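Next come the chains, spelled out residue by residue.
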Amino acid sequence: MKPRLSILLAALWWGSLTGLGFVVVPMLFIHLPSPAAAGAMAAKLFTAQTWLSVACTMLLLLALNKKEAPALSPPAQAAMKYVVAGLLLAVLVEFGVAPNIVNARASGGDLRFWHSLGSAMYLAQWLAAGWTLWCLSQGAKAAGAET
């Protein structure tokens, strides 16, 4: 049951990042009347995404933690590194980068730098989630071949 749960959590994490970052937010900027309105709504959605990412990664860490087993499978070991990296990236964007974007907008600071950094970190989190999903699905495929 745990391998299926892990794959489901990784798919939810990666899929939600994909949907928000590559579909929903670009649509906001196309269809809302002003970039300011789109940016404000995007910020709220990215905050919600952060908490979904935190929940998925924490549950993944719990699901992948096998104290009763002698060792984690190689795919699960590989996935753990990316889960932790994705969790850290999500938290850093929310509490480190996002406030600086807001401050840069209000004070005329370097908005381009902070927005670029946040976008790069979001992309890195998306890659971590995707690689986690890949590793876990490869582990499930290998386990299915053994039975």
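First, a word on scope: everything that follows refers to the structure included in this document. Every residue gets a number counted from 1 within its own chain, in the order that chain's sequence is written. Whole-chain, interface and lining totals are the exception, using all residues; otherwise, since this is a predicted model, local features are given only for residues with pLDDT of at least 70 and side-chain atom pairs are given and counted only at 80 or more. Water and hydrogen atoms were dropped before computing side-chain values, which therefore reflect all heavy atoms in the structure.

It is worth spelling out the packing of helix 1 (residues 2-31) against helix 2 (residues 35-64) at this point. Interaxial distance between helix 1 and helix 2 falls to 10 Å at its minimum, and their mutual angle equals 170°. With respect to helix 2, the element helix 1 is oriented roughly antiparallel. As a working rule, the residues Ala, Val, Leu, Ile, Met, Phe, Trp, Tyr, Cys and Pro are called nonpolar, Asp, Glu, Lys and Arg charged, and the rest polar, with Gly in that last group. Residues of the contact of helix 1 with helix 2, tallied by class, amount to 24 nonpolar, six polar and one charged. Between the N-to-C directions of two axes lies an angle of 0 to 180 degrees, each axis being a line fitted to C-alpha atoms and, for a helix, fitted only over the stretch in contact. Working definition: helices are DSSP H or I runs of at least four residues, strands are E runs of at least two. Numbering for both runs from the N terminus. Oblique is the label for every angle not falling under 35 degrees (roughly parallel), over 145 degrees (roughly antiparallel), or within 65 to 115 degrees (roughly perpendicular).

Mapped onto the secondary structure, Ser-116 falls in helix 4 (residues 111-146). Each residue is assigned to one of three classes by its accessible area relative to the maximum for its type, calculated with a 1.4 Å probe on protein chains only: buried under 20%, partly exposed between the two thresholds, exposed over 50%. Given a relative accessible area of 42%, Ser-116 falls into the partly exposed group. Between the alpha carbons of Ser-116 and Ile-101 there is a distance of 9.9 Å; along the sequence they are 15 residues apart. In protein, a polar contact means a hydrogen-donor-capable atom and an acceptor-capable atom, both N or O and within 3.5 Å, with residues adjacent in sequence counting only if both atoms are side-chain atoms; elsewhere, any N or O pair within 3.5 Å suffices. Polar contacts involving the side chain of Ser-116 include one to the main-chain carbonyl oxygen of Arg-112, which spans 2.8 Å.

Tracing the sequence through the fold places Ser-53 in helix 2. Every residue in contact with Ser-53, bar those within four places of it in the chain, is listed here: Trp-13, Leu-17, Ala-90 and Gln-125. Whether two residues are in contact is decided by their heavy atoms, any of which lying within 4.5 Å being enough.

So yeah, pure geometry; function would need other evidence.
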